[in-house]
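Descriptive structure summary
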Amino acid sequence: MKEDILHNLALINDRIKRSCEQSGRNSNEVRLLLATKTVSADRIKIALENGQELIAENKVQELKEKYEDLKDIPHENHFIGHLQTNKIKDILKYDVTCVQSLDRLELAEKLHQRLLTENRTMDVLIQVNTSNEESKFGVNPDQAIELTRKISNYSTLKIKGLMTIGLFSAETEKVRACFKILKKLQQDIITGNIPNVEMKELSMGMSSDLETAIEEGATIVRVGTAVFGARIYPDSYYWDEGKTNN
Ligand SMILES: *Cc1c(COP(=O)(O)O)cnc(C)c1O
């Protein structure tokens, strides 16, 4: 188990390094985030004890279950799943430092209210649905700038960039088109010069498409399967669930 994880991590780091070289980027511009849904705390621990420092869950329940086992190992926790407003308190309780999946004003407002109460701030990324698939969360690209503008009014929310899940397709150019949409939005938002908004981060690219994402400017790639192996649940379990129930 340990050998597999370390071997896979080495392969991923190598892929990141090579795609950075190929696109003329410095490999320290790209952070590896481990998507740890369904992965046991024991296995996550192996990664954290061997050079990894950034992990993310999709579900509050899993965050909670693994929290005690992982809290003494230094690391950073992001949240990348659909967040229901009634789980906001938990996100704060279990030390999430960045919500990458902020995709609607109602969630931003409730998160802000809670942060005000606790006298804290939170880093956030705006999640954009660049693949135009019904099944995925995220604001539509044509509404992303307006949403960013509105969210920028909440003083406790520190907007750091954008996140997307690219199209699932073997056709690289179709996947690339999604990443280009995110990059273009980033540039448009930067041009718009919105106060209280930083647009440094582009969280895009997963096990199967991280090279393309890095070529298009990713600063965070989110990898699960290629490090921890295949999951039993289909991703739709994580991505569709709760769509009508937020
Ligand atoms: C599961 C997940 C990933 C990682 O996907 P893999 O294909 O396993 O690398 C990345 N981002 C999000 C939002 C996820 O839910």
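To be clear, the structure that these remarks concern was listed above.
A brief structural summary. (Residues numbered from 1 in each chain as written. Predicted model: local features only at pLDDT ≥ 70, side-chain atom pairs only at ≥ 80, totals over all residues. Heavy atoms only, no water.)

What the protein chain contains, in helices and strands, is ten helices and eight strands. Taking 2.2 N^0.38 as the reference for a compact globule, 246 residues should give roughly 18 Å; the C-alpha atoms of the protein chain span a radius of gyration of 17 Å, in line with that estimate. Counting only C-alpha atoms and orienting by the principal axes, one finds that the protein chain spans roughly 45 × 40 × 30 Å. The buried share among the 246 residues of the protein chain stands at 52%. Within the protein chain, contacts between residues separated by at least 24 positions form 63% of all contacts whose residues are at least 6 apart in sequence. Side chains of the protein chain carry 34 positive and 38 negative charges; the gap between the two charge centres is 3 Å. (Helix = DSSP H or I, 4+ residues; strand = E, 2+ residues; numbered from the N terminus. Rg over C-alpha atoms; globule rule 2.2 N^0.38 Å. Buried < 20%, exposed > 50% of the residue type's maximum accessible area, 1.4 Å probe, protein only. Contact = heavy atoms within 4.5 Å. Lys, Arg positive; Asp, Glu negative; His and termini not counted. Charge placed at Lys NZ, Arg CZ, Asp CG, Glu CD.)

Our focus in this paragraph is helix 5 (residues 105-118). If you check helix 5, its first and last C-alpha atoms are 20 Å apart, about what 14 residues at 1.5 Å a residue would give, namely 20 Å. Residues Leu107, Ala108, Leu111, His112 and Leu115 constitute the buried set of helix 5. Considered in projection along helix 5, the buried side chains sweep an arc of 130° and stay on one side of the axis. Buried residues in helix 5 make contact with helix 4 (88-93), strand 4 (96-102), strand 5 (122-128), helix 6 (141-151) and strand 6 (157-164). (Expected span 1.5 Å × (residues − 1). Arc of directions from axis to C-beta.)

Spanning 21 residues, helix 7 (residues 172-192) covers 30 Å between terminal C-alpha atoms, matching the ideal 30 Å at 1.5 Å per step. Looking only at helix 7, the buried set comprises Val175, Arg176, Cys178, Phe179, Leu182, Leu185, Gln186 and Ile189. On its buried side, helix 7 packs onto strand 5, helix 6, strand 6, strand 7 (197-203) and helix 8 (210-215). Once helix 7 finishes, asparagine 193 follows within two positions and takes phi at roughly 55°, a positive value.

Residues Ile16, Ile91, Ile151, Leu157, Leu162 and Val221 are the most contacted members of the largest nonpolar core, which totals 62 residues. Leaving out residues up to four positions away in the same chain, isoleucine 91 has contacts with Val60, Leu63, Phe79, Leu83, Val96, Val99 and Met122. (Core = buried A, V, L, I, M, F, W, Y, C linked by side-chain atoms within 4.5 Å.)

Moving on to the packing of helix 2 (residues 41-48) against helix 3 (residues 60-70). It is the contact of helix 2 with helix 3, at a shortest axis distance of 10 Å, that shows an interaxial angle of 50°. Regarding the angle of helix 2 to helix 3, the classification is oblique. Between helix 2 and helix 3 lies a crossing of right-handed hand. The residues of helix 3 that touch helix 2, namely those facing Ala41, Ile44, Lys45 and Leu48, are Lys66, Asp69 and Leu70. For the contact of helix 2 with helix 3, the residue count by class is four nonpolar, no polar and three charged. (Axes fitted to C-alpha atoms, helices over the stretch in contact; angles between N-to-C directions. Parallel < 35°, antiparallel > 145°, perpendicular 65-115°, else oblique. Left-handed = near helix turned anticlockwise from the far one by under 90°. Nonpolar A, V, L, I, M, F, W, Y, C, P; charged D, E, K, R; others polar.)

The local shell around the ligand holds 13 residues, among which Lys37, Asn58, Ser207, Thr225 and Arg231 are the closest. Asparagine 58 is positioned such that a nitrogen or oxygen atom in its side chain is 2.7 Å from an oxygen atom of the ligand. Between threonine 225 and the ligand, the recorded distance is 2.5 Å, taken from a side-chain N or O atom to an oxygen atom. Protein chains bury 97% of the 390 Å² of accessible surface belonging to the ligand in isolation. Here the residues of the shell around the ligand sort into six nonpolar, four polar and three charged. (Near = heavy atom within 4 Å. Polar contact = N/O pair within 3.5 Å; in protein donor to acceptor, adjacent residues only side chain to side chain. Areas by Shrake-Rupley, 256 points an atom, 1.4 Å probe, with all protein chains shown as cover.)

Taken by themselves, the reported measurements are silent on function.
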